[in-house]
Amino acid sequence: MDHPHAGTHYPKSVGEFHAWFPTDADCLDYLEWLRWPDGFVCPACGYERGWRLGDGRSMCSGCGGRTSVTAGTIFDRTRTPLTVWFTACWLFASGKDGISALSLKRTLEIGSYQTAWAMLHRLRSVLVRPGRNRLVGIVEVDETYLGGEEPGLRGGRARGKKVLTGIAVEVQEAGGFGRCRMRPLADASAASLHAFVREHVEPGATVITDGWQGYRGLEKQGYVHDRRSQRAARARGEDPHDLLPAVHRVASLVKRWLLGTHQGSVGNAHLASYLNEFVFRFNRRHSRSRGMVFYRVLELAVAHNPVRYQDLIASQQPREVPPTPPTRRGHPPTLERPPADRPWRTAHSG
Ligand SMILES: [Zn+2]
C-alpha cells in the first residue's frame, strides 16, 4: 500500500498498539491482511479461494493444501508467540534509534539473550526490500572504517579489525541529504568500489568522490564523475574534510549509533545487517509516524523467507540473491473483507 494511514492501517500510538493486538489471533489477522491484501492466494498452487480453519491456518479450495499466513516468513517455526513478536517489532520500529538485544530481553522479560538477539536479527534481515531503487541525482561516495569490536568470551569484548565500509549519500540541490546506502567492502580496489557504486547508484547520476584512484573510470560505467582532490583543496587553503560533507556526516552518525544503541557490541560478521538497519532508519528519519515504520517492517517481514538461527550465526556475508516477494494478486472470496474503519480486521470464520 502506498499511503497507509495512522489509526486505520497501523496503530498511531503505543496505547492503540496494545488495544489492537491483545492476542495472537489479532496479530494473525493483521499479518494475513498484510500478506494477502487482495485476499488469500494459495502459495502451493496459486488458487485464489480458501477458508480459515479453526487452528488459524487457511485451506486452499483448489488443492486442499493447508497453509499458515506465517509459513515462509520470518515468523515461521519460531516458538515465540506473535504478541511477543509484535511487541518486539513495535519497540524496534518506534524507538528512533531502535533497541539493543539486551534492552529487548529486559523489556519483554524474555528468558534468554540469544532469543532477543535472534529476534532482532530476524527483523533486520527483512529490511532490504528486493528490487529497491538505486540512489539518483547527486551522490557522494566514500569509504570509511567501522566496527572493530568483537564479542569475546564471557561477554567481554576483544579488539577486532575494523571493516572497510562503502557509504553513498544523495545530496539535494537545495541543501540537505536524501537517502543513503552502506555495505562492507572487500577492499578499496577499483573492482570493489565500482561494484559498490553500480549496486547502489543509478547510471546517469553525478558521483562525487575524493581523488582515490579506485574511483577512476566511473565515467565508463555511465556516471558523471566529479572527482575532488584533497591535495587541490589543501592548496586552495580549504579543509579537505569538507569535500564530502554528506558521507562524513552519515559516517559519524552510524559510528555514534553503533557505540550508543549497541554499545559497540557489533561483531564484524554481523556488521552488514546492522548497517542495513541504520540505512532503513536513516532513510525513514522524516516519517511522520513511528507506527508507519512498524507497518513497513511487518510488511517486509511477511514478504520474506524464513531465517533460521543457524543461518544467522553462520552467515558472514549479505545475501547475494534477494528473496522473491510473494505474489500480490488475488481476491477475497471467503475471507470477509475488512470493514472500512479498520481494513485489516477480518471476521474470524468459526
Ligand atoms: Zn492450493
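Not measured: the values here are computed from a predicted model.

Draft legend 1. Up close: the overall build of the protein chain. If you tally the helices and strands in the protein chain, you get eleven helices and ten strands. Scored against the burial criterion, the 350 residues of the protein chain give a buried share of 46%. Partitioning the contacts of the protein chain with sequence separation of at least 6, the portion at a separation of at least 24 is 61%. About 17600 Å² of surface is accessible on the protein chain, with carbon and sulfur atoms providing 51% of the total.

Draft legend 2. Broad picture of the sheet that holds strand β1 (residues 50–52). Taken in spatial order, the three strands line up as β1-β2-β3 in an open sheet, and their pairing is antiparallel. Taken across any chain shown, the strands that pair with only one partner, and hence form the sheet edges, are β1 and β3 (66–67). Sheet analysis places strand β2 (residues 58–60) next to β3, joined by two bridges and oriented antiparallel. Opposite M59, over in β3, you have R66 as the bridge partner.

Draft legend 3. Quick look at the confidence of the model for the protein chain. Taken over all residues, the pLDDT of the protein chain has a mean of 81, while the share at 70 or more is 82%. Highest mean pLDDT in the protein chain belongs to helix α6 (residues 190–200) (96); lowest belongs to helix α11 (residues 309–314) (51). Low confidence marks residues 314–340, where pLDDT is under 50. Its contacts with residues over four positions away, or in another chain, come to 57 contacts. The model gives residues 346–350 a pLDDT under 50, and that stretch makes ten contacts with residues more than four places away or in other chains.

Draft legend 4. Up close: the coordination of the zinc ion. Around the zinc ion, the protein contributes the donor atoms C42 (SG), C45 (SG), C60 (SG) and C63 (SG), at 2.3 to 2.4 Å from the metal centre. Taken together, the four donor atoms coordinating the zinc ion span angles of 103 to 116° at the metal, a pattern that classifies the geometry as tetrahedral. Sequence spacing of the donor residues for the zinc ion, all on one chain, is C-x2-C-x14-C-x2-C. Pair noted here: C42 is in the loop between α2 (24–35) and β1 and C63 is in the loop between β2 and β3, with a separation of 21 residues, a long-range link.

What counts, and at which threshold
Residues numbered from 1 in each chain as written. Predicted model: local features only at pLDDT ≥ 70, side-chain atom pairs only at ≥ 80, totals over all residues. Heavy atoms only, no water. Helix = DSSP H or I, 4+ residues; strand = E, 2+ residues; numbered from the N terminus. Buried < 20%, exposed > 50% of the residue type's maximum accessible area, 1.4 Å probe, protein only. Contact = heavy atoms within 4.5 Å. Areas by Shrake-Rupley, 256 points an atom, 1.4 Å probe, with all protein chains shown as cover. Pairing = 2+ DSSP bridges. pLDDT = per-residue confidence, 0-100. Donors = N, O, S within 2.8 Å, 3.2 Å for Na, K, Ca; no water. Tetrahedral: all angles 85-135°; square planar, octahedral: opposite > 155°, others 65-115°.

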